Amino acid sequence: MKAVYFFQSEDQRFAVTMTAQIVRTMLDEATRARGAETDGILVGRYNSRLNTAVVTGAQPPPADSRGSRLTFERGVSGMRELLLRLWNGPLRTYYLGEWHAHPGFNAERSPTDDATMQSRALREGFNCEVPVLVILGDSGSDWHLQAWVYREGQAPIPLFEKKSAPEEVQHDRPQQRINAQ
């Protein structure tokens, strides 16, 4: 497994980076789901140039979520509290988007995935102008990742996995939270 996963749009306007540990968290959750779909939210921050979403956590689905082989309905139990805790934490991380697992299928997004991102991520108070969707697809022998960003009123923008992140992304440090007191 790579140390860092880096995805970027063809025009290089949008990018997402995450560590192997984040990917491992998603894979472990997908394995625990035992052949059912599962998902969760991606949290993190943007780099200092504001052109790369730096994923610092892949949260598991809330306890009131329900999944089957072909569908998943994410619950809401504890979501508000989690996001407030992350926002008020020392590094001020926040909602960046969603991750989703397709067991036994490819990592392509479905019309349902698009509709969910358009309604949930862009309209349900997450305050995320460019939410990210990462899908894990299981071809039967291996898991594959694909990523997209969503802009309201536009088609999803595919992000392509790159061999490595640019130097400035690899060494970018989170900005410390500004103390407003």
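Anyway, here's the lowdown on the structure attached to this text. (Residues numbered from 1 in each chain as written. Predicted model: local features only at pLDDT ≥ 70, side-chain atom pairs only at ≥ 80, totals over all residues. Heavy atoms only, no water.)

What about the overall build of the chain?
From N to C terminus, the chain includes 4 helices and 10 strands. By the burial criterion, 48% of the 181 residues in the chain qualify as buried. Relative to all contacts within the chain whose residues are 6 or more apart in sequence, the contacts with residues 24 or more apart total 63%. Accessible surface computed for the chain: about 10,200 Å², of which carbon and sulfur atoms make up 49%. (Helix = DSSP H or I, 4+ residues; strand = E, 2+ residues; numbered from the N terminus. Buried < 20%, exposed > 50% of the residue type's maximum accessible area, 1.4 Å probe, protein only. Contact = heavy atoms within 4.5 Å. Areas by Shrake-Rupley, 256 points an atom, 1.4 Å probe, with all protein chains shown as cover.)

Quick look at the side chain of Thr 38
Within the element layout of this structure, Thr 38 appears in strand 3 (residues 38-46). Those residues in contact with Thr 38 that lie beyond four places of it in its chain are Glu 29, Ala 30, Ala 33, Pro 61, Phe 72, Trp 99, His 100 and Ala 101.

Examining the side chain of His 100
Checked against the element boundaries, His 100 lands in strand 7 (residues 94-102). For His 100, a relative accessible area of 7% corresponds to the buried category. Among the polar contacts made by the side chain of His 100, one reaches the side chain of His 102 at a distance of 3.3 Å. Those residues in contact with His 100 that lie beyond four places of it in its chain are Glu 37, Thr 38, Asp 39, Phe 72, Asp 113, Leu 133, Val 134, Ile 135 and Leu 136. (Polar contact = N/O pair within 3.5 Å; in protein donor to acceptor, adjacent residues only side chain to side chain.)

Observations concerning the sheet that holds strand 10 (residues 157-162)
Read once around its circumference, the closed barrel built from 8 strands follows the order 1-2-4-3-7-8-9-10, with strand pairing classed as mixed. Going from strand to strand, the sheet's axes swing by 30° on average, the running direction of each strand aside. Note: strand 9 (residues 143-149) against strand 10, 3 bridges, orientation antiparallel. In the sheet register, Ala 147 faces strand 10, and the bridge partner there is Leu 159. Contacts between helix 1 (residues 20-32) and the sheet are confined to strand 1 (4-9), strand 2 (15-19), strand 3, strand 4 (52-58), strand 7, strand 8 (132-138) and strand 9, with strand 2 contributing the most and set at about 80° to the helix. Sitting on the sheet, helix 2 (residues 79-87) is in contact with strand 3 and strand 7, with an inclination near 20° to strand 3. (Pairing = 2+ DSSP bridges. Axes fitted to C-alpha atoms, helices over the stretch in contact; angles between N-to-C directions.)

With respect to helix 1
Its 13 residues place the ends of helix 1 18 Å apart at the C-alpha level, agreeing with the 18 Å of an ideal helix rising 1.5 Å per residue. For helix 1, every residue scored as buried is listed here: Ala 20, Ile 22, Val 23, Met 26, Leu 27, Glu 29 and Ala 30. With its phi angle positive at about 50°, Arg 34 sits one or two positions after the end of helix 1. (Expected span 1.5 Å × (residues − 1).)

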